[in-house]
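The residues making up each chain are set out below.
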Protein chains: 2
Amino acid sequence: MPESEVLVGSAAPDEEPPMHASIYEELRRRLITGKVVPGVGLSTRGLALELGVSQMPVRDALSRLSAEGAVVIRSKRKIEVPPMTRDRFADLLDCRLLLEPVAAMAALPHIDTETLAQLRRIDADLDRAIETGDVIAYMECNSAFHFGLYRASGRTTLNRLIETLWLQFGPFMRTVYSDYGAAKLIDQHRLALDAIEVGDGEALRRAIASDIADGMGLIGHRGLESDIVT
Amino acid sequence: MPESEVLVGSAAPDEEPPMHASIYEELRRRLITGKVVPGVGLSTRGLALELGVSQMPVRDALSRLSAEGAVVIRSKRKIEVPPMTRDRFADLLDCRLLLEPVAAMAALPHIDTETLAQLRRIDADLDRAIETGDVIAYMECNSAFHFGLYRASGRTTLNRLIETLWLQFGPFMRTVYSDYGAAKLIDQHRLALDAIEVGDGEALRRAIASDIADGMGLIGHRGLESDIVT
DNA sequence: GCTTTCAAACTGTGATCGCAGGAGTCGCGA
DNA sequence: TCGCGACTCCTGCGATCACAGTTTGAAAGC
């Protein structure tokens, strides 16, 4: 099971999900890890051709993603990952700061030694991604870490909201990290891991909040030289 | 323009939206105002027949609503508004308390006398709904009031998250208010309106938080006698 | 009256097609 | 060289159909 799997699973266990669900997963992964960037145009036929399926499952997947604000269907011939603006970025950042520290605190009582060990492994992978300057790998590890932590909370509604935020900022942050240089990124998760180890909920909340404010906040604003960023 | 219109509009202005968007609006309204209740089964063909359209636009609309957690597609022959559970209810309530007071505070600087007058009119209509014991009208006015307030914030991302929460708890609260009796409901918006009048952000935040905690919190928990409610 | 089995009905899903509209490209004239 | 208009291409969307699977209801047996 990939660690950056959907934060809130919807497929019934032991069942093969419908094709549109698999395609949704694939597109979601691309968005969260920045494999698609803002301004990129998408089309149901183009994606169907690329993924070797018909239009229908792609349509269903794109309907879901549009409901989650990840893509915008502007008109005929224009589905796109919306460009980021200063206002929208600030809105996204603020929403993350409202929700994710709470999810982390709620997760704390449920994090056993196996879960903590897994988070440490993910963080070690993230460190390697920073060392090699691999932005995509960094983003994969980053989402795996956060989702692995929040999932332990069992807060399905909260986690679902969090995931829609990640769908929306992933593409933009990918371009920002690429411009910034992955080698310059800093692993902000040590404080969070330490807080988990000693069971300090308030320290965990602060660590997650500062991870978000520093990681996405400071670097993200640098990426917003003008109102529109592609 | 109906006051309980979608909190975050997506159709381009001056353009006729695609049929699936209109159907999404209609289903959204039914969920938020409780015209459909938990446990009710839906089907694409059934809704298409009722609404006089083909299956495709209904499918697209249901894909969006499923992405927003408003309906769940469990299997062949089983789309439903999920029954409420105690855990899910607590999760929803907590998320509302995290997001809506912030949206209200963010809205405050942007509320002119015309917007305040409109909110007062909506609140007067809500009072009449309480007097006549009309639960559906009460829920329509309640969402119109909150959305009218939050929309002024301009916080599109935040408002979108809030709307998905309303889609999820609307059906359940409708049954709760019906059992409770609409005539026993209390207008909790006076404090909010007063806080807006004097420009007191902190008072507005507290008023919205207590509106949510009292209105949905206390009454909602009464509706959850067991883990599963239809 | 209850349980089990089977058949029918209904469903979500995937596929395909056609339409109308918008985007993109190219050519021509100033 | 630039702008505008015409034309082409590609698209989202709506409609329809078929399939496989699930649910429902009826009938038979105990």
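Residues numbered from 1 in each chain as written. Chains lettered and ligands numbered in written order. Predicted model: local features only at pLDDT ≥ 70, side-chain atom pairs only at ≥ 80, totals over all residues. Heavy atoms only, no water.

Which residues make up the overall build of chain A, and what values do they have?
Scanning chain A for helices and strands turns up 9 helices and 3 strands. Tracing chain A from N to C terminus, the helices and strands come up as α-β-α-α-β-β-α-α-α-α-α-α. In terms of overall size, chain A behaves like a compact globule, its C-alpha atoms giving a radius of gyration of 17 Å where 230 residues would be expected to give roughly 17 Å. For chain A, buried positions account for 54% of its 230 residues. The long-range fraction of contacts in chain A, counting pairs at least 24 apart against all pairs at least 6 apart in sequence, stands at 79%. Just so you have it, chain A exposes about 10,200 Å², and 52% of that area is on carbon and sulfur atoms. Considering chain A, the positive charge centre built from 26 side chains and the negative charge centre built from 34 side chains are found 7 Å apart. (Helix = DSSP H or I, 4+ residues; strand = E, 2+ residues; numbered from the N terminus. Rg over C-alpha atoms; globule rule 2.2 N^0.38 Å. Buried < 20%, exposed > 50% of the residue type's maximum accessible area, 1.4 Å probe, protein only. Contact = heavy atoms within 4.5 Å. Areas by Shrake-Rupley, 256 points an atom, 1.4 Å probe, with all protein chains shown as cover. Lys, Arg positive; Asp, Glu negative; His and termini not counted. Charge placed at Lys NZ, Arg CZ, Asp CG, Glu CD.)

Tell me about the interface of chain A and chain B, and please be specific about residues and values.
Note on interface size: it is often stated as the accessible area lost on association of the parts. At the interface, 26 residues of chain A touch 26 residues of chain B. Across the chain A-chain B interface, the total number found is 6 salt bridges. Of the charged contacts, one joins A:R155 and B:D91 as a salt bridge, the two residues approaching to 2.6 Å between their closest N and O atoms. Our count for the chain A to chain B interface comes out at 15 residue pairs in polar contact (both at pLDDT 80 or more). (Salt bridge = Lys/Arg side-chain N within 4 Å of Asp/Glu carboxyl O. Polar contact = N/O pair within 3.5 Å; in protein donor to acceptor, adjacent residues only side chain to side chain.)

Mind laying out the pairing of strand β2 (residues 72–75) of chain A, listing which residues take part and the relevant values?
Residue and element names in this part refer to chain A. Here β2 pairs with strand β3 (residues 78–80) via 3 bridges, running antiparallel. Note on β3: the bridge partner recorded for V72 is E80. The hairpin turn running from β2 into β3, its antiparallel successor, is 2 residues long, and R77 in that turn takes a positive phi close to 70 degrees. (Pairing = 2+ DSSP bridges.)

Tell me about the environment of B:A124, and name the residues and values.
All names here are of chain B. Structurally, A124 can be placed in helix α5 (residues 113–132). Classification of A124 by relative accessible area gives partly exposed; the value is 31%. Counting along the chain gives 74 residues from A124 to E50, while the straight-line C-alpha distance between them is 33 Å.

Please provide a residue-by-residue account of the sheet that holds β3(A), values included.
Judged by pairing direction, the sheet is antiparallel, and its 3 strands sit side by side in the order β1-β3-β2 (chain A) without closing on themselves. Of all the strands in the sheet, just β1 (41–42) and β2 of chain A have a single pairing partner and so form its edges.

Residues and numbers for helix α3 (residues 55–67) of chain A, please.
Residues and elements named next belong to chain A. Relative to the 18 Å expected for 13 residues at 1.5 Å per residue, α3 spans 18 Å between its end C-alpha atoms, a close match to the ideal helical length. For α3, a buried count of 10 out of 13 residues is recorded, marking the element as mostly surrounded by other parts of the structure. Backbone geometry just after α3 places G69 at a positive phi near 75 degrees. (Expected span 1.5 Å × (residues − 1).)

Go over the relation of the copies chain A and chain B with me, naming the residues and quoting the values.
By a simple turn and slide, chain A fits onto chain B: the slide is 0.0 Å along the axis, the RMSD is 0.0 Å, and the turn is 180 degrees. Viewed as a symmetry operation, the transformation between the two copies matches a two-fold axis. Among all residues of chain A, the one whose C-alpha sits closest to the rotation axis is A:R64, at a distance of 2.4 Å. A high fraction, 100%, of the interface residues of chain A reappear at the interface in chain B, so the copies pair face to face through one surface. (Least-squares fit on C-alpha atoms with pLDDT ≥ 70 in both.)

Summarise empty space enclosed by the protein; cite the residues concerned and give the values.
For the structure shown, the criterion picks out 4 cavities of 30 Å³ or more. One number sums up the size of the largest cavity: a volume of about 160 Å³. Around the largest cavity, the lining is made up of 20 residues, and of these A:R96, A:Y138, A:N142, A:W166 and A:Y177 lie nearest the centre. Of all the elements in the fold, those that place two or more residues in the lining of the largest cavity are α6 (135–151), α7 (156–180) and α9 (201–223) of chain A. Take the lining of the largest cavity: its biggest share by element is 5 residues, from α7(A). A breakdown of the residues in the lining of the largest cavity according to their chemical character gives 11 nonpolar, 6 polar and 3 charged. Size it by volume and the second largest cavity reaches roughly 130 Å³. Lining the second largest cavity we find 13 residues, and of these A:E68, A:L161, A:T164, B:L161 and B:T164 sit closest to its centre. (1 Å grid on protein atoms, 1.4 Å probe; cavity = no way out; pocket = protein on both sides within 12 Å on 5 of 7 lines; lining within 4 Å. Points joined across faces, edges and corners; volume = space filled by probe spheres on them. Nonpolar A, V, L, I, M, F, W, Y, C, P; charged D, E, K, R; others polar.)

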